[in-house]
Amino acid sequence: MKIKSFKTAVFLPILILMVAVASFVLLKEPLDNWFRLQANSSAPQGTYTVNVAFPNLVFDNPLGIYDANDRTNRLFVVEQRGVIRVFENNPPIASSSVFLDISDKVLTRGGEQGLLGLAFPSDFEQTGLFYVNYVADEPSRTVLSRFSVSQNNPNLADKQSEFILLEVLQPTEIHNGGQIAFGPDGYLYIAKGDGGPAADPFGRGQDLETLLGKILRIDVSLGGNYTIPSDNPFVGNIFGYREEIYSYGFRNPWRFSFDSETGRLWVADVGQVRLEEINIVEIGKNYGWSLFEGILSFPSDSDNDPTGLEFPVWVYGRDAGTAVIGGFVYHGSSLRELVGAYIYGDFGSGRIWALYYDGIEPPANFELVHTNLDILSFGIDKDNQLFICALDGRIYRLQVIESVPPVIGAPIQMPLEPLPNQEVTVTVNVTDAISGVREVVLSYSNDTVWINITMALVEGDKFSATIPRMPYQTMVRYRIIATDYANNTAVEDNLGAFYTYTVVPEFPSVILLVPLLLIVTLFIIAERRRGKLFL
């Protein structure tokens, strides 16, 4: 008995440890992602900060900033109270105008209610139709509706044109989700939270008979009401599952976006008490809530089966933040070293991170800046430049701090010896590995006046501009001036001696005239000597 008791005393803890290790192995990939960065990933070299993007503009709880992709260089800001404002995407802009005001329809009694989403279809420029998602009262519900732009004013929507497509009852004031966006497939995607209260006591995240706790996908391309895409996972089911469902198992997905290069759907899901999570969402898959919170079984004293669940690509704990704010995979030009990284933040801590994940190598996450902002949302413009909406009403821009100027290569001039009727094209390679090249200028002088031409990006890192034709014997000097997004400037003027060329005589009209005059002169001299020419 003593031996048996001894064996039990020795091996029982070992058995418990083995079970713990096995449990760890089952979830080893997400745990690895959480606790450590991958050694084969290099951190961004630049130091980042945030600056006010539009110093003269202030908004009322801006929950999103959007570009309509209509080639007008306008931005639209969604205010929680039920107003959409529009303005030119120009930093010194001094005012914005009301594009749509439905504040009389929008319920904002709770902190998570209001006008929550805006989406422009790809044919907005032609149709003038757009979509909004908001919380309404009596009864409390989320409303997805379509509006059209006024026929007389492109900066004003027709409030009376509202067409309601979908209404979903909201049992509490929280966990409304609210993001809407068109995917690369042309369908409209809609984020729905579990509807509250805390801990999803009614299991809506896993209940396929409700739209709450889901990402939905519908087809609005035919006008009128929506239809269900034929490849939605529950089309034609006999169990009463909602056919609008694209994926499920979410608590409160606060902002999602599609990678413009890969088409991947990135969804940030706000956690309960322990973890915030980032998911890459695919059709028909179950993302765990409320069986799991991130990678941890929920509630904490449970031991739920993870079989069939999709775990996040990244999670972080409450030591880093309290409410994840989804962002975008960056493909702009002002933050060169962040291209391809998913940029996101946290409402409670003000932190902004870059998450690198290509679907092959393990993900790596790096903090870019710890701000003092209450971050509400991210947005991008037509050039994929990133904006940040904050609770203080300002729109911010993420910016790199660096002191290294762009690198300018040797210019190539064609032709080398221009004629009076020829233009001169100058091309040059300009690179900036950290912040990116903002502007390249060709500065030239035609003997007296200096003129600047903004060089066009033609491909890769190559910029080009054309110097106009000059009169015969004009001496032209020129240099290249490049500025990056951190406001560092480089000047290439051939180590102090400007690049120069002189316009040469035009061959047919000038060069042939010289020998002709010489022949005539010799003929005259010869004839005078022979006495046959009298002048």
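Residues numbered from 1 in each chain as written. Predicted model: local features only at pLDDT ≥ 70, side-chain atom pairs only at ≥ 80, totals over all residues. Heavy atoms only, no water.

Draft legend 1. Geometry of the overall build of the protein. When helices and strands are counted, the protein shows five helices and 36 strands. As displayed, the protein has an accessible area near 25400 Å², and 55% of this comes from carbon and sulfur atoms. (Helix = DSSP H or I, 4+ residues; strand = E, 2+ residues; numbered from the N terminus. Areas by Shrake-Rupley, 256 points an atom, 1.4 Å probe, with all protein chains shown as cover.)

Draft legend 2. Fine view of the packing of aromatic side chains. The full count for this structure, using the stated rule, is 28 aromatic pairs. Seen in terms of ring centroids, Tyr-356 and Phe-366 are 5.9 Å apart; in terms of plane orientation they differ by 70°. Their pairing is edge-to-face. Taken as a pair, Tyr-356 in strand 22 (residues 351–356) and Phe-366 in strand 23 (residues 364–370) lie far apart in primary sequence, 10 residues in all. Residue Phe-366 is classed as buried on the basis of its relative accessible area of 9%. Cluster of aromatic residues (ring-pair linked, three or more members): Phe-76, Phe-99, Phe-120, Phe-124, Phe-130 and Phe-147. Lying over the aromatic face of Trp-254, Arg-255 brings its terminal NZ or CZ to 4.0 Å of the ring centre. (Phe/Tyr/Trp six-rings, centres within 6.5 Å; stacked < 30°, edge-to-face > 60°. Buried < 20%, exposed > 50% of the residue type's maximum accessible area, 1.4 Å probe, protein only. Lys NZ or Arg CZ within 6 Å of the ring centre and 35° of its normal.)

Draft legend 3. Inspection of unusual backbone geometry at higher detail. Backbone torsion omega between Glu-138 and Pro-139 reads 0°, so that peptide bond is classified as cis. Tracing the sequence through the fold places Pro-139 in the loop between strand 7 (129–136) and strand 8 (141–149). For the bond running from Trp-289 to Ser-290, omega is 5°, close enough to zero to count as cis. The residue Ser-290 is located in the loop between strand 16 (275–281) and strand 17 (292–293) in this model. Even without being glycine, Glu-138 reaches a positive phi, approximately 55°. Its location among the elements puts Glu-138 in the loop between strand 7 and strand 8. Taking the relative accessible area as the measure of exposure, Glu-138 reaches 73% and is therefore exposed. In the Ramachandran plot, Asn-487 falls in the positive-phi region, its phi being about 70° despite a non-glycine side chain. Along the chain, Asn-487 falls in the loop between strand 34 (475–484) and strand 35 (489–492).

Draft legend 4. Region of interest: the sheet that holds strand 19 (residues 314–317). Reading across the sheet, the four strands line up as 14-15-16-19 and stay open at both edges, with antiparallel pairing between neighbours. Of all the strands in the sheet, just strand 14 (253–258) and strand 19 have a single pairing partner and so form its edges. With direction set aside, neighbouring strand axes in the sheet form an average angle of 15°. With five bridges joining them, strand 15 (residues 265–269) and strand 16 adopt antiparallel strand pairing. Looking at the pairing, Asp-269 lines up with Glu-277 of strand 16. (Pairing = 2+ DSSP bridges. Axes fitted to C-alpha atoms, helices over the stretch in contact; angles between N-to-C directions.)

Draft legend 5. Examining the sheet that holds strand 5 (residues 97–101) more closely. What the four strands build is an open sheet, ordered 2-3-4-5; its pairing is antiparallel. Edge positions in the sheet fall to strand 2 (62–66) and strand 5, since each has one partner strand and no second. With strand direction ignored, the average angle separating the axes of adjacent strands in the sheet is 25°.

Draft legend 6. Quick look at the pairing of strand 33 (residues 462–467). Bridge count between strand 29 (residues 424–431) and strand 33: six bridges; the pairing is antiparallel. Across the sheet, Val-424 pairs through a bridge with Ile-467, a residue of strand 33. Across three bridges, the pairing between strand 32 (residues 456–459) and strand 33 is antiparallel. Of the residues in strand 33, the one forming a bridge with Glu-459 is Lys-462.

Draft legend 7. Representation of the side chain of Ser-334 in the model. On the secondary structure map, Ser-334 appears in the loop between strand 20 (324–329) and strand 21 (342–346). With a relative accessible area of 9%, Ser-334 lands in the buried category. Reaching out from Ser-334, the side chain makes a polar contact with the side chain of Tyr-330 at a distance of 3.0 Å. Contacts of Ser-334, omitting those with residues within four sequence positions, involve Gln-385, Val-400, Ser-435, Gly-436 and Tyr-485. (Polar contact = N/O pair within 3.5 Å; in protein donor to acceptor, adjacent residues only side chain to side chain. Contact = heavy atoms within 4.5 Å.)

Draft legend 8. How the structure looks around the pattern of salt bridges. Inspection of every chain in the model, using the stated rule, returns 20 salt bridges. Between Arg-217 and Asp-185 there is a salt bridge, with its nearest N and O atoms 2.9 Å apart. Remark: Asp-185 occurs in the loop between strand 10 (180–182) and strand 11 (188–191) and Arg-217 occurs in strand 12 (residues 214–218); sequence separation between them is 32 residues. Accessibility expressed as a relative area gives 35% for Asp-185, which makes it partly exposed. Between Asp-231 and Arg-217 there is a salt bridge whose closest N-O contact spans 2.5 Å. With Asp-231 in the loop between strand 12 and strand 13 (245–248) and Arg-217 in strand 12, the pair connects residues that are 14 residues apart, well separated along the chain. (Salt bridge = Lys/Arg side-chain N within 4 Å of Asp/Glu carboxyl O.)

Draft legend 9. Looking closely at the nonpolar core. Core analysis: the largest hydrophobic core is formed by 46 residues, its most contacted members being Ile-278, Leu-338, Ile-343, Tyr-344, Ile-352, Leu-368 and Leu-398. Excluding anything up to four places from it in sequence, Ile-278 contacts Trp-266, Val-267, Ala-268, Pro-312, Val-313, Trp-314, Val-324, Tyr-342, Tyr-344 and Leu-355. (Core = buried A, V, L, I, M, F, W, Y, C linked by side-chain atoms within 4.5 Å.)

Draft legend 10. Summary view of the environment of Glu-423. As for its placement among the helices and strands, Glu-423 is situated in the loop between strand 28 (412–414) and strand 29. On the accessibility criterion, Glu-423 (44% relative accessible area) is partly exposed. Residues Glu-423 and Arg-469 lie 46 residues apart in sequence; the distance between their C-alpha atoms is 4.5 Å. Those residues in contact with Glu-423 that sit more than four places away from it in its chain are Met-414, Pro-415, Thr-466, Ile-467, Pro-468 and Arg-469.

All quantities given are derived from atomic positions and should not be read as evidence of function.
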